[in-house]
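# Survey of secondary and tertiary structure
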Amino acid sequence: MMAFGSDPRAVAARAHLLFVFAGAVALGVGSVVLLIAAGVWLGAGGAGALIIRLPALVIHFVAWMLLLASLKALSLSPNKDDERLMVQMLIAWVLSVVAGFLGIWSLPWVLGGGICSGIVCSLSTVFFLPAPYLPFVPSVFAPVVACHAAFFLLESRRHEPVASGRLRNGAIVLLVIAAVSIAVQAAHWFYGPAYLLAGLTAIGYLWIAAGLYRPLRTSRDFTGSLPEASRPEGL
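Residues numbered from 1 in each chain as written. Predicted model: local features only at pLDDT ≥ 70, side-chain atom pairs only at ≥ 80, totals over all residues. Heavy atoms only, no water.

## Focus: helix α6 (residues 138-155)
Here α6 is 18 residues long and its end C-alpha atoms lie 25 Å apart, about the 26 Å a rise of 1.5 Å per residue gives. Of all 18 residues making up α6, 14 are buried, and the element is well covered by its neighbours. (Helix = DSSP H or I, 4+ residues; strand = E, 2+ residues; numbered from the N terminus. Expected span 1.5 Å × (residues − 1). Buried < 20%, exposed > 50% of the residue type's maximum accessible area, 1.4 Å probe, protein only.)

Below, the structure is given as structure tokens:
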């Protein structure tokens, strides 16, 4: 292995890439688990099949922490452009957390009825083990997904055109799924196959992870002051 030498920006860039890639993969895997849970339920597995969602909640929490760690790594860069970008990405990350809490808090007004009562009761008893339907409700997950899309759109600025394009495409997929999910809920079509929408965000997250893989791989051999993804000759 080749060392980064004493260049602090190269060290920060490498650490940032590791964490943001791991975060994107974890988000994708968590969404795949949600897709499996909804698929088993819709396939006559019964609402009890949604217990499969629990690993997804843990994985998504870990992913949030990995994205936060990526920002910590980026903050160590002495470059002012990296610092400004880190602040913008941190805002997107904080908004994703706030959006999740607001989505949960708004459930009594959004859904009402039996499902809502079950969610509120579960949250008041064991916060981290919410009712089976919670991760699948668009008003809960869609704003969070939109904030993640903004996070990765900002990340795309750090990369050469091919990787940047993949990140943007993945983020657009997330935004489209979020918008469709909200529209479905607003139109009162939230039943049956609509429960698959949360899991379908895996497409966007894994697309983003694929876009980050090449910069991560090539950064291992980089010893200069800027990562390969930022070099003009990559155009």
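So, next bit.
## A word on unusual backbone geometry
Positive phi, close to 60°, is recorded for H188, a residue that is not glycine. Among the structural elements, H188 can be located in the loop between α7 (161-186) and α8 (197-219). Accessibility expressed as a relative area gives 69% for H188, which makes it exposed.

## Some points on the pattern of salt bridges
Any two side chains of opposite charge can pair if their charged atoms end up close together. A complete count under the given rule lists four salt bridges for this structure. Here R158 and E155 are joined by a salt bridge, their closest N and O atoms 3.8 Å apart. As far as the burial class goes, R158 and E155 line up, both buried. In this structure, E160 and R214 form a salt bridge, with 3.4 Å as the shortest nitrogen-oxygen distance. With E160 in the loop between α6 and α7 and R214 in helix α8, the pair connects residues that are 54 residues apart, well separated along the chain. (Salt bridge = Lys/Arg side-chain N within 4 Å of Asp/Glu carboxyl O.)

## Observations concerning α8
Counted at 1.5 Å a residue, the expected span for α8 with its 23 residues is 33 Å, and the 35 Å between its end C-alpha atoms agrees. Helix geometry: α8 is bent most strongly at L212, by close to 25°, with proline P215 lying one to four residues after it. (Bend = angle between axes of the 7 residues up to and from the residue.)

## Comments concerning the environment of Y205
One can find Y205 in helix α8. Given a relative accessible area of 3%, Y205 falls into the buried group. A sequence separation of 184 residues divides Y205 from F21, and the C-alpha atoms of the two residues are 10.0 Å apart.

## Focus: the packing of helix α2 (residues 53-75) against α6
Put simply, α2 and α6 touch, their axes get as near as 13 Å, and they point 30° apart. Compared by their axis directions, α2 and α6 come out roughly parallel. Crossing angle aside, the handedness with which α2 passes α6 is left-handed. Between α2 and α6, the contacting residues are W64, L67, S70 and L71 on the first element and V144, H148, F151 and F152 on the second. Of the residues assigned to the contact of α2 with α6, the class counts are six nonpolar, two polar and no charged. (Axes fitted to C-alpha atoms, helices over the stretch in contact; angles between N-to-C directions. Parallel < 35°, antiparallel > 145°, perpendicular 65-115°, else oblique. Left-handed = near helix turned anticlockwise from the far one by under 90°. Contact = heavy atoms within 4.5 Å. Nonpolar A, V, L, I, M, F, W, Y, C, P; charged D, E, K, R; others polar.)

## Notes on the packing of aromatic side chains
Geometry of an aromatic ring pair is reported as the spacing of the ring centres plus the angle between the planes. Per the counting criterion, the structure on display carries five aromatic pairs. Aromatic pair W41 and Y195: ring centres 4.6 Å apart, planes at 80°, arrangement edge-to-face. Of the two residues, W41 sits in helix α1 (residues 8-45) while Y195 sits in the loop between α7 and α8, which places them 154 residues apart along the sequence. (Phe/Tyr/Trp six-rings, centres within 6.5 Å; stacked < 30°, edge-to-face > 60°.)

## Quick notes on a nonpolar patch on the surface
On the surface, V58, F61, V62, M65, L68, L90, V94, V98, L102, W105 and W109 cluster together into a nonpolar patch covering about 1,000 Å² of accessible area. Mapped by element, the contributors of at least two residues to the nonpolar patch are α2 and α3 (80-105). Inspection of the secondary structure puts L102 in helix α3. Take L102: its relative accessible area is 48%, and that puts it in the partly exposed class. (Patch = residues over 30% accessible without salt bridge, like charges linked within 9 Å, V, L, I, M, F, W, Y side chains within 5 Å. Areas by Shrake-Rupley, 256 points an atom, 1.4 Å probe, with all protein chains shown as cover.)

## What about the nonpolar core?
Among soluble globular proteins, nonpolar side chains are generally buried collectively. Of all hydrophobic cores here, the largest spans 50 residues; its most connected members are L67, M89, F136, F151, F152, I208 and L212. Put simply, the parts of the chain that give this core at least two residues each are α1, α2, α3, α6, α7 and α8. Counting residues per element, this core draws most heavily on α1, which supplies eleven residues. (Core = buried A, V, L, I, M, F, W, Y, C linked by side-chain atoms within 4.5 Å.)

## Looking at the confidence of the model for the protein chain
Looking at the protein chain, pLDDT values average 82 and 78% of them are 70 or higher. Ignoring residues within four places in sequence, the model shows residues 1-5, a span with pLDDT below 50, making ten contacts including any to other chains. Residue range residues 223-235 is modelled with pLDDT below 50. Its contacts to residues more than four positions away, or to other chains, number 25 contacts. (pLDDT = per-residue confidence, 0-100.)

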